[in-house]
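Single-letter residue listing:
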Amino acid sequence: MTELSFIHRYEPATDVNRPPLLLLHGTGGDENDLLGLGRTISPGSALLSPRGKILENGMPRFFRRLAEGVFDEEDVKFRANELANFVIEARKAYGLAAPVAMGFSNGANIAAAMLMLRPEVLSGATLLRAMVPLSKAPQADLSGKCVLMISGAMDPIIPADNAKRLAASLSESGAEVQHEVLPTGHNLSQTDLQLLVKWFAEQSL
Ligand code: MLT
């Protein structure tokens, strides 16, 4: 694997019409977690899958938190920029277009922070069980970017109004946001998968 600033996995594209995916795992996951999901939701896409650099009791994450749902916002900003720089490095190393992020939980939160702080790095995003990552974010220009957010109505970690606020703030910044709320909790369901497959198929039309 090419030496870059994050431990990562990379799979080259087999279909050049499909966008590259930036796969961002949840707390306690790693760079292997979402490869299978990535292959299923956008067959043929190049897959770039870094491992978060923070360790919380041995569990990899993409930024520090003070408690569940309470983020160290200075670290969120630092880590979102660090990850954005990795994406730029990887694009050069592998010859990739700007990727669509596909993040779950902590990975979705860092993807949302990247959209707000470094919007040029991502061409779009799918945010699974995301919440507002920064209480005061700069007003980014997200026009032309499509975002699919999927939340769980019974998610014990993410209050429904928090997810709604994130969707609203991304749309106010100009993104084309589709926000789906499923009758489920924090874990992914079969319906998440179906919505992702449909959304990616629509993006490649
Ligand atoms: C976070 O810390 O990013 C969220 O609480 C989600 C999680 O990873 O549990």
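So, a few notes on the structure that sits alongside this text. Being a predicted model, the structure only gives us computed values, none of them experimental.

**Re helix 2 (residues 73-94)**
When the terminal C-alpha atoms of helix 2 are compared, their 31 Å separation across 22 residues agrees well with the 32 Å that a helix rising 1.5 Å per residue should span. The complete set of buried residues in helix 2 reads Asp75, Val76, Arg79, Ala80, Glu82, Leu83, Ala84, Phe86, Val87, Ala90 and Tyr94. Residues of helix 2 that are buried make contact with strand 1 (8-11), strand 2 (21-24), strand 3 (47-50), strand 4 (54-56), strand 7 (70-71) and helix 3 (106-117). Of the residues one or two after helix 2, glycine 95 is the one with positive phi, at around 65 degrees.

**Here's the deal with unusual backbone geometry**
A positive phi angle, close to 50 degrees, is found at asparagine 57, a residue other than glycine. Structurally, asparagine 57 can be placed in the loop between strand 4 and strand 5 (59-61). A positive phi angle is found at arginine 129, which is not glycine, with a value near 60 degrees. By secondary structure assignment, the location of arginine 129 is in the loop between strand 9 (124-128) and strand 10 (146-152).

**Examining the site of the ligand**
Around the ligand, the neighbouring residues are Thr27, Arg61, Phe63, Arg65, Gly69, Phe71, Ser105, Asn106, Asn109 and Ile157. Between the ligand and the protein, one listed contact pairs an oxygen atom with a side-chain N or O atom of threonine 27 at 2.5 Å. Taking arginine 65, its side chain carries an N or O atom lying 3.1 Å from an oxygen atom of the ligand. When the free accessible area of the ligand is taken as 260 Å², the share hidden by the protein chains comes to 96%.

Rules and cut-offs
- Residues numbered from 1 in each chain as written.
- Predicted model: local features only at pLDDT ≥ 70, side-chain atom pairs only at ≥ 80, totals over all residues.
- Heavy atoms only, no water.
- Helix = DSSP H or I, 4+ residues; strand = E, 2+ residues; numbered from the N terminus.
- Expected span 1.5 Å × (residues − 1).
- Buried < 20%, exposed > 50% of the residue type's maximum accessible area, 1.4 Å probe, protein only.
- Contact = heavy atoms within 4.5 Å.
- Near = heavy atom within 4 Å.
- Polar contact = N/O pair within 3.5 Å; in protein donor to acceptor, adjacent residues only side chain to side chain.
- Areas by Shrake-Rupley, 256 points an atom, 1.4 Å probe, with all protein chains shown as cover.

By themselves these figures say nothing about function.
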